[in-house]
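Examination of the molecular architecture
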Amino acid sequence: MKSRAIKTLVSPLWGQNPINVQMLGICSALAVTIGLKAAIVMGLSMTFVLSASNTLISLMRKIIPKNIRLIVELAVISTLVILTDEFLRAYFYDISKQLSVFVGLIITNCIVLGRAEGFALSNPPHLAFLDGIGNGLGYGSVLIVVAFIRELFGSGTIFGIHVIPQAFYAAGYENMGFMLLAPAAFIIIGLLVWGGNVLRNRRSG
Amino acid sequence: MLDLFNIFLNSVFAGNILLAYFLGMCSFVAVSKNIETAIGLGFAVVFVLSITTPVNWLIYHFLLAPGALFWAGFPEINLGFLKLVVFIAVIAAMVQAVEMIIDRFSPALYAGLGVFLPLIAVNCAILGVSLFMVERELTFVESVVYGFGSGVGWMMAIVAMAAARIRLRYAAPPKGLEGYGLTMIVTGLMAMAFLLFSGITI
């Protein structure tokens, strides 16, 4: 029993990472990766919504009628997303301005509905909760990697603190403005998927 | 008039909903394997966006925004937090209505678009455009232009991608890059090309 719980938590982090392998939910992922701070907040919001919605839906799985389950799931998810959105607006106003519409778009994110449909409806609450945490953190980790690359090379900062030494700039180093533009995110994700596939193939064969 | 034209140009090119804001990626990756289906889905998105954005504008400005219920005698009520749920419901309902209307009046169009309409209800581009419309404080006419322009931009991107993918079938990418990784990199190159249009104002 215990090993199953651990597997549920860990497998989404690498083996079935929600962005890398399932290709779902990439929508809202990339626009918030210009800075690390926003990416982390987005990852945490996603983890909260996923784990809470998974738990709630799993608790109700025996009383939800089959025909209207999508509506019930959407109602649960959107309630949680609104809670998150209002919470961020109240306590982290600057970051919520940066995340703009992308917190709201968690509602239409395929991962949340996909896990509710695919996992929570057929598993007990504690496993569903762990599955939500695992998937949320897996999603967050990709965001953080992309945001790290973009912030480091795009603005020379990490969490807004300058890390590239002044001597580099004096020697002619320049921040790569391109990293802050949308195309860079696409290309970084493409390269990450490539690297992930190569590593996984090497391990399996 | 020029303002409207600028909003249109911006939503098609520099502010492309897919290539600059990453919205609607799921169906973009899944459906861009074939040009005909890409065109079908593209038209469906244009259609639904041009209807739902103005409808959501009306609902937001007459029911949900702070002070919007003034006409009903409740000037202090602010239902803004409900916009996510209401927009989703409106989008689902409009998609359903559009589906029934097309089925009734143009069976040929229905045969072409029918499969794609339900898919669209969960497309993040549709909800995203409505949310951007609120955030950018557009007027009603601007929201019509913005919805239509975003749809056209999305359609251009997916059709171009489908065309590029036909060529990619004959390419020999390195191991592990084929499929999703390559699609993302090609999308990145396309986004770069679309960025060249930024800064154009008339």
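Summarised in this report is the structure supplied together with it. For clarity, every value in this text was computed on a predicted model and none was experimentally measured.

1. A closer look at the overall build of chain A
Of regular secondary structure, chain A possesses eight helices and two strands. Overall, chain A shows an N-to-C arrangement of helices and strands of α-α-α-α-α-α-β-β-α-α. C-alpha extents for chain A along the principal axes are approximately 65 × 50 × 30 Å. A burial count over chain A gives 49% of its 205 residues as buried. Taking the intrachain contacts of chain A between residues at least 6 apart in sequence as the baseline, contacts between residues at least 24 apart amount to 76%. Counting 15 positive and 8 negative side-chain charges, chain A places the averaged centre of each group 14 Å from the other.

2. A short note on the overall build of chain B
Summing up its helical and strand segments, chain B has nine helices and zero strands in all. When the elements of chain B are put in sequence order from the N terminus, they spell out α-α-α-α-α-α-α-α-α. Relative to the globule expectation of 17 Å for 202 residues, the C-alpha radius of gyration of chain B, 18 Å, shows essentially globular dimensions. Across its three principal directions, the C-alpha atoms of chain B cover 65 × 45 × 35 Å. Taking all 202 residues of chain B together, 50% fall into the buried category.

3. Digging into the packing of aromatic side chains
Residues and elements named next belong to chain B. A complete count under the given rule lists 13 aromatic pairs over all chains for this structure. Seen from their ring centres, Phe8 and Phe148 are 5.9 Å apart, and the 15° between their planes marks the pair as stacked. One end of the pair, Phe8, is in helix α1 (residues 2-12); the other, Phe148, is in helix α8 (residues 140-168), and 140 residues separate them in sequence. Look at Phe8 and you get partly exposed, because its relative accessible area is 23%. Phe148 gets classed as partly exposed once you look at its relative accessible area, which sits at 38%. Arranged with centres 6.5 Å apart and planes meeting at 70°, the rings of Phe194 and Phe197 form a pair that is edge-to-face. Take Phe197: its relative accessible area is 36%, and that puts it in the partly exposed class.

4. Thoughts on the environment of Val95 of chain B
Residue and element names in this part refer to chain B. By secondary structure assignment, the location of Val95 is in helix α4 (residues 83-105). A residue is classified by how much of its surface remains accessible, and Val95, at 3% relative accessible area, is buried. Separated by 25 residues in sequence, Val95 and Ile120 place their C-alpha atoms 7.7 Å apart.

5. Quick look at the side chain of Thr187 of chain B
With respect to the element layout, Thr187 of chain B can be found in helix α9 (residues 180-195). A polar atom in the side chain of Thr187 of chain B sits 2.5 Å from the backbone oxygen of Thr183 of chain B. The residues contacting Thr187 of chain B, other than those within four sequence positions of it, are Phe186 of chain A together with Leu19, Phe28 and Met161 of chain B.

6. A short note on the side chain of Ser96 of chain A
Residue and element names in this part refer to chain A. With respect to the helices and strands, Ser96 occurs in helix α4 (residues 93-99). On the basis of relative accessibility, which here comes to 11%, the residue Ser96 falls in the buried class. Beyond its immediate stretch of four places on either side in the chain, Ser96 contacts Leu88 and Arg89.

7. Notes on the packing of helix α3 (residues 69-91) of chain A against helix α5 (residues 110-118) of chain A
Residue and element names in this part refer to chain A. Running from N to C, α3 and α5 cross one another at 130°; their axes reach a closest spacing of 11 Å. With respect to each other, α3 and α5 are oriented oblique. The two elements α3 and α5 cross, and the hand of that crossing is right-handed. Across the interface between the two elements, Arg69, Leu70, Glu73 and Ile77 of α3 pack against Val112, Leu113, Ala116 and Glu117 of α5. Of the residues that constitute the contact of α3 with α5, the class distribution is five nonpolar, no polar and three charged.

8. Some thoughts on the interface of chain B and chain A
With 36 residues of chain B at the interface, the matching set in chain A holds 37 residues. Contact with chain A buries area across many residues of chain B, yet Phe22, Leu84 and Tyr180 of chain B alone supply 24% of it, more than any other trio. At the boundary of chain B and chain A, one finds zero salt bridges. Put simply, chain B and chain A have one residue pair in polar contact (both at pLDDT 80 or more) between them. The set of elements that each furnish at least two residues to the side of chain B that touches chain A consists of α2 (25-31), α4, α7 (124-135) and α9 of chain B.

Rules used in this analysis
Residues numbered from 1 in each chain as written. Chains lettered and ligands numbered in written order. Predicted model: local features only at pLDDT ≥ 70, side-chain atom pairs only at ≥ 80, totals over all residues. Heavy atoms only, no water. Helix = DSSP H or I, 4+ residues; strand = E, 2+ residues; numbered from the N terminus. Buried < 20%, exposed > 50% of the residue type's maximum accessible area, 1.4 Å probe, protein only. Contact = heavy atoms within 4.5 Å. Lys, Arg positive; Asp, Glu negative; His and termini not counted. Charge placed at Lys NZ, Arg CZ, Asp CG, Glu CD. Rg over C-alpha atoms; globule rule 2.2 N^0.38 Å. Phe/Tyr/Trp six-rings, centres within 6.5 Å; stacked < 30°, edge-to-face > 60°. Polar contact = N/O pair within 3.5 Å; in protein donor to acceptor, adjacent residues only side chain to side chain. Axes fitted to C-alpha atoms, helices over the stretch in contact; angles between N-to-C directions. Parallel < 35°, antiparallel > 145°, perpendicular 65-115°, else oblique. Left-handed = near helix turned anticlockwise from the far one by under 90°. Nonpolar A, V, L, I, M, F, W, Y, C, P; charged D, E, K, R; others polar. Buried area = accessible area lost by both parts, 1.4 Å probe. Salt bridge = Lys/Arg side-chain N within 4 Å of Asp/Glu carboxyl O.

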